[in-house]
Amino acid sequence: MIHISEIAQHDGKEVEIAGWAYNMRSSGKLGFIQLRDGSGVIQAVVSKADVTESAWEAVQEITIESSVKVKGLVKKDDRSASGFELQAIDFSLLQKAEEYPIGKKEHGPDFLLNNRHLWLRSQRQRAIQRIRWGITKAIYDFLEQDGCVKFDSPILTPNACEGTTTLFEIDYFDETAYLSQSGQLYLEAGAYSMGRVFDFGPVFRAEKSKTRRHLMEFWMLDVELAFVNWEGNMDHQEALIKFVVQSILEKYSDELKILERDTALLEGMNKPFPRLTHAQAVAKLKELGSDIGERDDLGGDDETILTQQYDTPIFIEKYPSEVKAFYMKRDPEDESLALCSDMLAPEGYGEVIGGAQREDNHDTLLKRINEHNLSPETFQWYLDLRKYGAVEMSGYGLGLERLVSWMCGLKHVRETIPFPRMLNRLYP
Ligand code: 4AD
Ligand code: MG
């Protein structure tokens, strides 16, 4: 048995392929079956004259999504996507599928999401999941080359990372635990051990947001770099994104074509990403008609209109400290600002990365923990890191679904993750 992706190596030879039928037609003596096996698609042509009676009967019985096995001769066919077709000499039905609920007609998003377990088989959804994997792999490759070590932060935690309003709380025997919002704090302990580290896994936010950018469970890459300040942090993010974009353009052009992604925009990623301060961004937003206040966080709409002005990602740095997390170091030139940056993707996509230099002074950090009404006891271990050889350290968190959404040119993050968890959706 071979995979469809290997078909070219078997030109003129007899092979066996197993897969699912996603389309078929029959004309008296000939059956045409479109097959997919996950690695590719190919047309199998079955001629009544070439196969046994029972094989021909199986061809007549076949329904959409039936699982099948075909033995046949590989022949060049320039009209087909794979460049080949299969001239069948034997055909068998592994399981005849019941009437498939997803047809060619338009379905609403609710119907598709209720049938997410089946919707994943469609060509577009397959392309998205393959690109998601390609992005993950490129991230691993970049970080390995960069000397980062993967360090797996825990998911069950006694403390909040990104504020207490979006925590999923669970019973942990006779204690309370929370599902992690980001592995960052633990990753800092890893960076004090190994210098440059990352984690990559699911994180959880009980956010009552119903936007095209929010999920309750999503995958975050956290990176933590010792001896790096907030500017070096941005350099690292920029290099990572350029590497990932290049890798996807090289390896996933077929998938990008299926998604009708305008790759010219992705190809233009080689120039420097503009860096604006929060104050500059606010001024620009006001020119663009936003009513954002001087010290406000950027809202979703602000990010949309701002990033529509650019054809590469941009960084917004030095946000007012009151709209950012407790662990961010303040700007020594203006203590009211945080040494942080958000990377916003172009074309209206908005924030994909949030990062900052970390507060490295024990007493200042303790003060911030108290100011944010967090309990110093649960953060004792985190404070300890500042007692034993504190250094300049920075890091960032990248939302995988936001990046996939931008790379694939999708309207909503719900299609980027196999099983989206949203405000009103926990099924399937
Ligand atoms: O900006 P955030 O909240 O940053 C942190 O969690 C830091 N602790 C990361 C760090 O410094 N290591 O989240 C990081 C990224 C965002 O930029 C966004 O891309 C994504 O995570 N994100 C979400 N993606 C989908 N749904 C949500 N509800 C998201 N919230 C954040
Ligand atoms: Mg953020």
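Our structure is the block above this text.
Residues numbered from 1 in each chain as written. Chains lettered and ligands numbered in written order. Predicted model: local features only at pLDDT ≥ 70, side-chain atom pairs only at ≥ 80, totals over all residues. Heavy atoms only, no water.

Quick look at the site of ligand 1
Working step 1: Neighbouring residues of ligand 1: 23 residues in total, closest E162, Q184, D222, E351 and V352.
Working step 2: L215 has a polar backbone atom sitting 3.0 Å from a nitrogen atom of ligand 1.
Working step 3: Y396 is positioned with one of its backbone polar atoms (N or O) 3.2 Å from a nitrogen atom of ligand 1.
Working step 4: Computed on the free molecule, ligand 1 has an accessible area of 630 Å², of which 94% lies beneath the protein chains in the complex.
Working step 5: Breaking the shell around ligand 1 down by element, the ones donating at least two residues are β11 (217-226), β17 (350-357) and β18 (393-399). (Near = heavy atom within 4 Å. Polar contact = N/O pair within 3.5 Å; in protein donor to acceptor, adjacent residues only side chain to side chain. Areas by Shrake-Rupley, 256 points an atom, 1.4 Å probe, with all protein chains shown as cover. Helix = DSSP H or I, 4+ residues; strand = E, 2+ residues; numbered from the N terminus.)

Regarding the pattern of salt bridges
Working step 1: In total, this model carries 27 salt bridges according to the counting rule given.
Working step 2: K271 is the salt-bridge partner of D311, the closest N and O atoms lying 3.7 Å from each other. Placement of the pair is D311 in the loop between α10 (300-307) and β13 (314-317) and K271 in the loop between α8 (263-267) and β12 (275-277), with a sequence separation of 40 residues.
Working step 3: On the basis of relative accessible area, D311 is assigned to the partly exposed category, the value being 40%.
Working step 4: Given the relative accessible area of 38%, K271 is considered partly exposed.
Working step 5: Ionic pairing is found between R368 and E371, a salt bridge with its closest N-O pair at 3.5 Å. Pair noted here: R368 and E371 are both in helix α11 (residues 362-371), with a separation of three residues, about one helical turn.
Working step 6: Ionic contacts of the salt-bridge type, sharing partners, join the residues E188, E224, R358 and R386 into one network. (Salt bridge = Lys/Arg side-chain N within 4 Å of Asp/Glu carboxyl O. Buried < 20%, exposed > 50% of the residue type's maximum accessible area, 1.4 Å probe, protein only.)

What to know about the sheet that holds strand β7 (residues 156-157)
One key point about sheets: their strands pair by backbone hydrogen bonds, in either a parallel or an antiparallel sense.
Working step 1: Strand order in the open sheet formed by three strands is β7-β9-β8, with antiparallel pairing between adjacent strands. Because the sheet does not close on itself, it has two edges, and the strands there are β7 and β8 (169-172).
Working step 2: Note: β8 against strand β9 (residues 175-179), four bridges, orientation antiparallel. Bridge pairing in β9 links D171 to T176. (Pairing = 2+ DSSP bridges.)

Overview of the state of the cysteines
Working step 1: By the definition in use, this model includes zero disulfides.
Working step 2: Take C148: it sits in no disulfide, and the sulfur closest to it among the cysteines is that of C161, at 18 Å.
Working step 3: Looking at C148, the relative accessible area reads 9%, which means it is buried.
Working step 4: Under the relative-accessibility criterion, C161 is labelled buried at 4%. (Disulfide = S-S within 2.5 Å.)

Re the nonpolar core
Working step 1: By size, the foremost hydrophobic cluster in this structure holds 45 residues, and its most contacted members are I135, I139, L221, I241 and W406.
Working step 2: Looking at this core, the elements with two or more residues in it are α4 (123-145), β10 (196-204), β11, α6 (230-251), β16 (340-345), β17, β18 and α13 (400-408).
Working step 3: If near-sequence neighbours (up to four positions away) are discounted, I139 is found in contact with F200, L221, L240, V244 and L398. (Core = buried A, V, L, I, M, F, W, Y, C linked by side-chain atoms within 4.5 Å. Contact = heavy atoms within 4.5 Å.)

Looking at helix α5 (residues 184-194)
Working step 1: Among all positions in α5, only Q184, L185, Y186, L187, E188, G190 and A191 are buried.
Working step 2: Taken together, the buried residues of α5 touch β7, β10, β11, α12 (380-384) and β18.
Working step 3: A positive backbone phi angle near 85° is found at G195, which sits one or two residues after α5.

Remarks on a nonpolar patch on the surface
Working step 1: Nonpolar side chains collect at one region of the surface, where L156, I170, Y172 and F173 lie side by side and expose about 420 Å² of accessible area between them.
Working step 2: Here I170 is to be found in strand β8. (Patch = residues over 30% accessible without salt bridge, like charges linked within 9 Å, V, L, I, M, F, W, Y side chains within 5 Å.)

What about the packing of α6 against α13?
Working step 1: In contact at an axis separation of 12 Å, α6 and α13 are set at 50° when each is read in the N-to-C sense. Comparing their axes, α13 and α6 come out oblique. Crossing hand, α6 versus α13: right-handed. Between α6 and α13, the residues in contact are I241, V244, V245 and I248 and L403, W406 and M407, respectively. (Axes fitted to C-alpha atoms, helices over the stretch in contact; angles between N-to-C directions. Parallel < 35°, antiparallel > 145°, perpendicular 65-115°, else oblique. Left-handed = near helix turned anticlockwise from the far one by under 90°.)

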